[in-house]
Amino acid sequence: SQAAWCELPSRVLLVLTSQRGVQMYEADGSTMVFWHALDVPEQPAAHSVFARGIAAAGGRFICVGEPGAVARVVVPGWPGPADPPDPTGTSFGAVLVFDIPPKGTNVTLSEVLEQHRDPITDIAAEQGQAPDGAGDLVTADDSGTLCLWSTGEEFTLLGKIPGSGSSCSSVVLWNGTVAAGYGNGQIRLWEAGSGRIRAQVSAHARWIYALDLAPLTGKLLSGAEDSFVHVWKLGRNPDTDDIEIQHCHAECVTDTQVCGARFCDPAGDTFAVTGYDLSEILCYGPA
């Protein structure tokens, strides 16, 4: 369901999540370092079990969203490869915290964060310089709830931003600013320290499936099932210190419901896009 390179000071691991479990490989995929199996329900046709959300945090940890086993529901026109999770499901979402050694395979499950009451949808770690008192990890769930954490020997919950009826499908964290994309097409910006909302943009006409951040420039990439990919610029007003967002660029991927979008470089000069039922990865760069 998801794949990500997790960069730690001592090593880089490729982490995969699926309906069966969490796999960690050396960066080139040559050697499996660790395998964590997920509990599969006795009636797989009636429930959807999945792991979602991957982030390296705290210099030595990799955080992965534990599954939410929720009843399947048929939604006409749903574009994905499987039915979407039913928001009325009873299972909660947890975050697994794995302690990664500098080398070798002695990966351990050091902590389980249990603050969400809905399946985890995404996890993001600070990619810039967090202000004093701000969290350096954010977790999101299917109800739109965000949890802000401070990492360390033990993870500390700093605050919780309640959901507003729309799933938070993707989230990023940069310089103390949380950018979250929602199922209603909105992007909302929050203070990671106080949890206060600072900006809200009706960015897309349909569900946002991907957000990505270029840490060197603060560019934000959003992709949605309305076939559009937008590039934004995050920043702070030097006079008021308010968080600001500026639209920079738009691309329409014709007849494609975008489900993946990522920058290809830290400055955000190039990005790659793909969509449902699309066997290609489209790359965009400067003219």
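For the structure, see preceding data.
Quick caveat: nothing in here was measured; it's all calculated off a predicted structure.

(A) Focus on the side chain of Thr-256. Summarising the element assignment, Thr-256 is placed in the loop between strand S22 (243-252) and strand S23 (258-263). Residues contacting Thr-256, with those up to four places away along its chain left out, are Ser-227, Gly-275 and Leu-278.

(B) Representation of the pattern of salt bridges. For the coordinates displayed, the defined rule picks out 7 salt bridges. For Arg-60, the salt bridge goes to Glu-153, with nearest N and O atoms at 2.7 Å. Note that Arg-60 is positioned in the loop between strand S6 (54-57) and strand S7 (61-65) and Glu-153 in the loop between strand S13 (146-150) and strand S14 (156-161), a separation of 93 residues in sequence. Between Arg-206 and Glu-225 there is a salt bridge whose closest N-O contact spans 2.9 Å. Taken together, the residues Arg-206 in the loop between strand S18 (197-202) and strand S19 (208-214) and Glu-225 in the loop between strand S20 (219-224) and strand S21 (228-236) connect sequence positions 19 residues apart. Judged by its relative accessible area of 9%, Glu-225 falls in the buried class. Each of Arg-60, Asp-99 and Glu-153 takes part in one network of salt bridges that share partners.

(C) The arrangement of unusual backbone geometry in detail. If you check the backbone angles, Asn-175 has positive phi at about 50° while not being a glycine. Secondary-structure assignment places Asn-175 in the loop between strand S15 (168-174) and strand S16 (177-182). Classification of Asn-175 by relative accessible area gives partly exposed; the value is 26%. Of note in this structure, Ser-227 is not a glycine but carries a positive phi near 80°. With respect to the helices and strands, the residue Ser-227 is situated in the loop between S20 and S21.

Each value, and the rule that gives it
Residues numbered from 1 in each chain as written. Predicted model: local features only at pLDDT ≥ 70, side-chain atom pairs only at ≥ 80, totals over all residues. Heavy atoms only, no water. Helix = DSSP H or I, 4+ residues; strand = E, 2+ residues; numbered from the N terminus. Contact = heavy atoms within 4.5 Å. Salt bridge = Lys/Arg side-chain N within 4 Å of Asp/Glu carboxyl O. Buried < 20%, exposed > 50% of the residue type's maximum accessible area, 1.4 Å probe, protein only.

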